[in-house]
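Overview (structure and organization)
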Amino acid sequence: MSSASPLPALLQLLTQSINTLSATYASAGHHLPSLDAPLVKDDPAEAFRLSNPDVVDATQRIVAAASQIIACVRDPTVGVIQGGHSYNLSACLRAASELNVPEILREAGEDGASAETIASYSGTDPALVARILRLLATHQIFREVKPGVFANNRLSSALDKGKSPQELFDKPSERFSEAQSGPAAHVEFLADEVFRCASVLSDTMREPESQRQLPLIRAWNLQPDSNLFAFLETSPARLGRFAMAMHGSVTSNTFKGGYPWAELAKPGERKIVVDVGAGIGAYVMGVAKEVLVTGSGGGEVEFVVQDREKTVEKARKYWEERIPEYVEKGLVKFEAQDFFTPQPSRTTPVAVFVLRHVLHNWSESKSTLLLQHLRAAASPDTQLLIIDRVVRPASAVESIDPDALKNIPGAAMDPAPEPLLPNWGLAAEANYHYDMAMHNLLGATERTVDGFVALLKRTGWRLERIYRGPQSSNLVARPIAD
Ligand SMILES: C[S@@+](CC[C@H](N)C(=O)[O-])C[C@H]1O[C@@H](n2cnc3c(N)ncnc32)[C@H](O)[C@@H]1O
């Protein structure tokens, strides 16, 4: 262990990255959006932030370096105790979203609204509302304009569900009907269903193996053979919120440099893409709208949206409302299909099976069964596109067998620059939160690159390449010849 302080090197990384960020914004004629002002989604600076690689890279370095500096200098006891308190952030975020505070404050404007006004919409305790919002403001979510008066800022306005507070309170079953309500749905799902499961993680781990329950089963007092999806289906409100939460995470997945959808169908060709466990089909709708309309391929792509029966009904409605021309032209079909059973036979072989945020929901044995069914339905040219996070160990070496990754483009990743944690630390924090959520909700896992290689090989697929994405990556596999 080196005894030299890492602080000067971390500070240099931080300074260089802040300079790069400022210069990149300035040279493109954009201003760095203000933390104090609400988010303006259609501001060109927002699209620039998400798409400019220098901004993306500098942001990652700043988050990793700044959080590592804090860890270096802060009293260690305070550091771990703060970690123990972090449940309050979840609890207060959920309260603020369920009390529709971002929407009340949108209507109040930059002068904000008092805790009394905010609480009057829901008949809740104004003093408690003020304390909740103060904790969030301390985490840079909302602004306390003067004591007890709050306004939206950049972070809190990301939770705006896009409706008036009155509509939200009058029709609670329709709180998540606007497309922009995805982030709020996601936060509420994490801070409600997922949070309660996390609270019993340690209790369930320490039970004798024969009595060991999944945190989901224990936290929600469910029948032992129940699962997340069956549980969500018992409540239309939970199911609707979950569907929108999944939709809210779509935008980052048709990323530039990801799977080359525009090249899939050559002129005169019609290719079939089956989205397995598609939810409402939001990902392939994104492909249809964002990529194929501008694509150079020229051929036609037919999507099959597969999921459980109730979700497929929602999917059909979602497509009819948002992209009716696809439904009318027969370019999208809806199939109720259990992915643990054989795929239906088709006259035209499937070009691409998509599994977006599905494999991470299942244990090794269930994932094996699912992939075997897809392999049995695959032609030699079928591609399997897995969209999931690829979790890095926190050590410098990503694989226990680095040689095995050498011929797989995108599989081997350089570690973060020293002295940063090799896995980018808190800049990659979400991966590890979702990994725990997968265990707590489903007894499942986010996978490392080694985990994907092994699972695919076992089920007759060969990992061909990885397009690394900002959050989830695109992993492409081909059938191993029989
Ligand atoms: C995490 S969601 C992902 C949805 C979608 N792929 C996306 O990225 O938005 C997992 C989906 O798997 C579906 N699912 C769960 N069990 C299933 C089963 N046995 N057969 C088919 N779909 C299933 C759920 O209904 C849910 O829509």
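The paragraphs below set out a description of the structure included in this document. In this text the structure is predicted, and so the values were computed from the model without any measurement.

1. Observations regarding the sheet that holds strand S5 (residues 300-307)
- Across the sheet, seven strands lie side by side as S6-S5-S4-S7-S8-S10-S9; this open sheet has mixed pairing. If you trace the sheet from one side to the other, it starts and ends with strand S6 (332-336) and strand S9 (461-467), each paired once. The mean inter-strand angle of the sheet, taken between neighbouring strand axes irrespective of direction, is 25°.
- Strand direction decides the pairing type here: strand S7 (residues 352-356) and strand S8 (residues 383-388), joined by five bridges, are parallel. Bridge pairing links Leu 355 to Ile 386 in S8.
- Helix H19 (residues 364-376) contacts strand S4 (270-276), S7, S8, S9 and strand S10 (473-479) of the sheet and is inclined by roughly 165° relative to S7.

2. Some thoughts on the packing of aromatic side chains
- Here the structure, examined in full by the defined rule, presents 15 aromatic pairs.
- Ring centres of Trp 220 and Phe 231 lie 5.0 Å apart, and the angle between their planes is 45°; on these two criteria the pair is classed as tilted. Of this pair, Trp 220 sits in the loop between helix H13 (215-219) and helix H14 (228-233) while Phe 231 is found in helix H14, placing the two residues eleven residues apart along the sequence. Here Trp 220 and Phe 231 have matching classes, each one buried.

3. Here's the deal with helix H6 (residues 101-108)
- Listed in full, the buried residues belonging to H6 are Val 101, Pro 102, Glu 103, Ile 104 and Leu 105.
- Positioned one or two residues after H6, Gly 109 has a phi angle of 80°, which is positive.

About the cut-offs
- Residues numbered from 1 in each chain as written.
- Predicted model: local features only at pLDDT ≥ 70, side-chain atom pairs only at ≥ 80, totals over all residues.
- Heavy atoms only, no water.
- Pairing = 2+ DSSP bridges.
- Helix = DSSP H or I, 4+ residues; strand = E, 2+ residues; numbered from the N terminus.
- Axes fitted to C-alpha atoms, helices over the stretch in contact; angles between N-to-C directions.
- Contact = heavy atoms within 4.5 Å.
- Phe/Tyr/Trp six-rings, centres within 6.5 Å; stacked < 30°, edge-to-face > 60°.
- Buried < 20%, exposed > 50% of the residue type's maximum accessible area, 1.4 Å probe, protein only.

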